[in-house]
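Descriptive analysis of the structure
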Amino acid sequence: MLTAIVGINWGDEGKGRMVDLISRDYDVVCRYQGGNNAGHTVINERGKFILNLIPSGILRPEVTNVMGNGMVIDIRHLCGELDKLAAAGVEITPEQLKISERAVICMPYHVQQDCLEEDRLGDAKYGSTRRGIAPVYGDKYLKKVIMMGDLFYPEQLKKRLEGIIDYKNLFINKAYGAQPITMEAMLEYLGTYGERLKPHVTNVSAFLEKAIDEGKNVMFEAQLGALRDIDFGINPYTSSSNTIAAYAPIGAGIPNRKLDRVIGIMKAYSSCVGEGPFTVEWFGKEAEELRAAGGEYGAATGRPRRVGPFDAVASRYGVFAQGADTLALTKMDVLSYMDKIPVCVAYDINGERTTEFPRGVRLDEAKPVYEYVDGWKCDIGSCRKMEDLPVAARKYIDYLEKLVDCEISIVSVGAERDEYVTRK
């Protein structure tokens, strides 16, 4: 079974929590895109963990975790994650964590360029996490990057790095006026962090092919959501990679394989980190109450997330873009304080009502059209069967399912590993 777990909206849907839960039935968990610009929060009996690069299956000792060729890896940050896990008693061996030799290294100059460009843009900034993601993906397509496998060939690595540094200094030094990048500093960086990671670097394509041929179950873990996809998201307020499920086999290293199942993760309300249109955004007291109830702060940045009611227009589009077969609805418990729960069922664009997700100026001009459903006003964290849920909560789930035209099979009623209800 090849299954992708993906975000339906802007990201921050609770994918890490669901990967941690569902990975009990899988042998391999593979991250296939992105870098340390977003995070997955996992809470279980071992504690609370925020994972930016390492797949969320790492907290199950029996699961092999893979970082695919579609990722961009800040090796200093990755070493820091390994240290934090070790401090919490989670020791990771090369058998448990495998890194693609084709994965790209996010270098310090990528982070520097990202920060310099966001500062230059000022009020027109894209809302970057300043982790170097756009510059490193740009360099990947310009064929001016270092891959993890290059660490094994120091002479060729140095020669390649010389040309790359000359090129990057055209931006860092001459365009932005910052201090030039030096070969010595970059070699020291690669030596300090790259050497430590080399035991994990391997041909993950061969590993995954063998695992699949042996009948093992493989899960592909996405970062962010459909609306942050570089092709199908809200340009330019997207990530710089393909967050959609269709890219999973490619970014994992097995482009010859096809997915069997796509599980979309969808929050019971809306949240968003970063700039760009967010039609259902709340402000003031309403936003503060929802943000506090949901603990809505970015796992990678700590930034307060923008929040608002459930957006059926954006969610239905996300289901389409991800090709979701079924959905897991997260953070249902967060809405327990509301008497009436608003749901955005359509957009009003200059007097025209539409349920089709727009782009460009039309999205900027969209206003939410709300319907209201009854709240349940009680703690649902102890519910473990559908019949345990209040009638109003069950009606809310049915209502969302109908709006997005995709079955909801799992409902999360709390942050702990066992706080969920299986619906179908």
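Structural data are supplied above this passage.
All of the points below concern the structure found in this document.

Considering the overall build of the protein
Regarding its fold elements, the protein presents 12 helices and 20 strands. Scaling as 2.2 N^0.38, a compact globule of 424 residues should have a C-alpha radius of gyration of about 22 Å, and the protein matches this with 22 Å. Judged by the C-alpha coordinates and their principal axes, the protein covers about 65 × 50 × 40 Å. Counting only residues that meet the buried cut, the protein has 58% of its 424 residues in that class. Put simply, 75% of the contacts in the protein that link residues at least 6 apart link residues at least 24 apart. Roughly 17600 Å² of accessible area belongs to the protein as shown, and the carbon and sulfur atoms make up 50% of that amount. If you average the places of the 53 positive and of the 60 negative side-chain charges in the protein, the two averages end up 1 Å apart.

Focus on the sheet that holds strand E19 (residues 408–412)
In spatial order, the strands read E9-E7-E5-E2-E10-E1-E11-E15-E19-E20; together these 10 strands make up an open sheet with mixed pairing. Looking at which strands have only one partner, the edges of the open sheet turn out to be strand E9 (201–202) and strand E20 (420–422). Bridge analysis of strand E5 (residues 64–67) against strand E7 (residues 97–100) gives 3 bridges, and the strand direction is parallel. Of the residues in E7, the one forming a bridge with Met67 is Ile99.

Considering helix H7 (residues 204–213)
Among all positions of H7, only Val204, Leu208, Ala211 and Ile212 are buried. One side of H7 holds all its buried residues, which, seen down the axis, span an arc of 95 degrees. Projecting away from the buried face of H7 at angles above 90 degrees are the exposed residues Lys210 and Asp213. You can read the cap of H7 off the contacts: a side-chain oxygen lies 3.1 Å from the backbone nitrogen of Ser205, and it is on Asn203.

Quick notes on the packing of aromatic side chains
Inspection of every chain in the model, using the stated rule, returns 9 aromatic pairs. Here Tyr317 and Phe320 contribute two aromatic rings whose centre-to-centre distance is 5.9 Å and whose plane-to-plane angle is 45 degrees, an arrangement assigned as tilted. In this pair, Tyr317 and Phe320 both sit in helix H10 (residues 312–322), 3 residues apart, roughly one turn of the helix. The exposure class assigned to Tyr317 is buried, which follows from its relative accessible area of 19%. The exposure class assigned to Phe320 is exposed, which follows from its relative accessible area of 59%.

So, the side chain of Ser315
With respect to the element layout, Ser315 can be found in helix H10. Look at Ser315 and you get buried, because its relative accessible area is 1%. Of the polar contacts made by the side chain of Ser315, one reaches the backbone oxygen of Asp311; its length is 2.8 Å. Excluding its chain neighbours within four sequence positions, the residues that come into contact with Ser315 are Ile8, Asn9, Met266, Phe310 and Val404.

Considering the nonpolar core
Counting residues in hydrophobic clusters, the biggest one holds 62 residues, and the most contacted among them are Phe220, Leu327, Met332, Leu335, Trp376, Tyr396 and Leu400. At 8 residues, helix H12 (residues 391–404) tops the list of elements feeding residues into this core. Ignoring sequence-local partners within four residues, the contact set of Trp376 consists of Met332, Leu335, Ser336, Met338, Ile341, Pro390, Ala392, Ala393 and Tyr396. Grouped together as the second largest cluster of nonpolar side chains are 39 residues, Leu53, Leu85, Met183 and Leu190 included.

Points about helix H1 (residues 15–22)
Most of H1 is tucked away, with 8 of its 8 residues classed as buried. Buried within H1 are the following residues: Lys15, Gly16, Arg17, Met18, Val19, Asp20, Leu21 and Ile22.

A short note on the side chain of Lys168
Positionally, Lys168 belongs in helix H5 (residues 154–175). With a relative accessible area of 1%, Lys168 lands in the buried category. Among the polar contacts made by the side chain of Lys168, one reaches the side chain of Gln113 at a distance of 2.5 Å. Contact partners of Lys168, with chain neighbours within four places excluded, come to Tyr109, His110, Gln113, Asp139 and Ile181.

Observations regarding the pairing of strand E15 (residues 326–330)
With respect to burial, E15 is a largely interior element, 5 of its 5 residues being buried. The side-chain alternation of E15 yields two buried faces, one formed by Thr326, Ala328 and Thr330 and the other by Leu327 and Leu329. Two elements, strand E11 (residues 261–267) and E15, share 5 bridges in a ladder whose sense is parallel. Of the residues in E15, the one forming a bridge with Ile265 is Ala328. As defined by bridge partners, E15 adjoins E19 across 3 bridges and the pair is classed as parallel. For Leu327, the partnering residue across the bridge sits in E19 and is Ile408.

What counts, and at which threshold
- Residues numbered from 1 in each chain as written.
- Predicted model: local features only at pLDDT ≥ 70, side-chain atom pairs only at ≥ 80, totals over all residues.
- Heavy atoms only, no water.
- Helix = DSSP H or I, 4+ residues; strand = E, 2+ residues; numbered from the N terminus.
- Rg over C-alpha atoms; globule rule 2.2 N^0.38 Å.
- Buried < 20%, exposed > 50% of the residue type's maximum accessible area, 1.4 Å probe, protein only.
- Contact = heavy atoms within 4.5 Å.
- Areas by Shrake-Rupley, 256 points an atom, 1.4 Å probe, with all protein chains shown as cover.
- Lys, Arg positive; Asp, Glu negative; His and termini not counted.
- Charge placed at Lys NZ, Arg CZ, Asp CG, Glu CD.
- Pairing = 2+ DSSP bridges.
- Arc of directions from axis to C-beta.
- Polar contact = N/O pair within 3.5 Å; in protein donor to acceptor, adjacent residues only side chain to side chain.
- Phe/Tyr/Trp six-rings, centres within 6.5 Å; stacked < 30°, edge-to-face > 60°.
- Core = buried A, V, L, I, M, F, W, Y, C linked by side-chain atoms within 4.5 Å.

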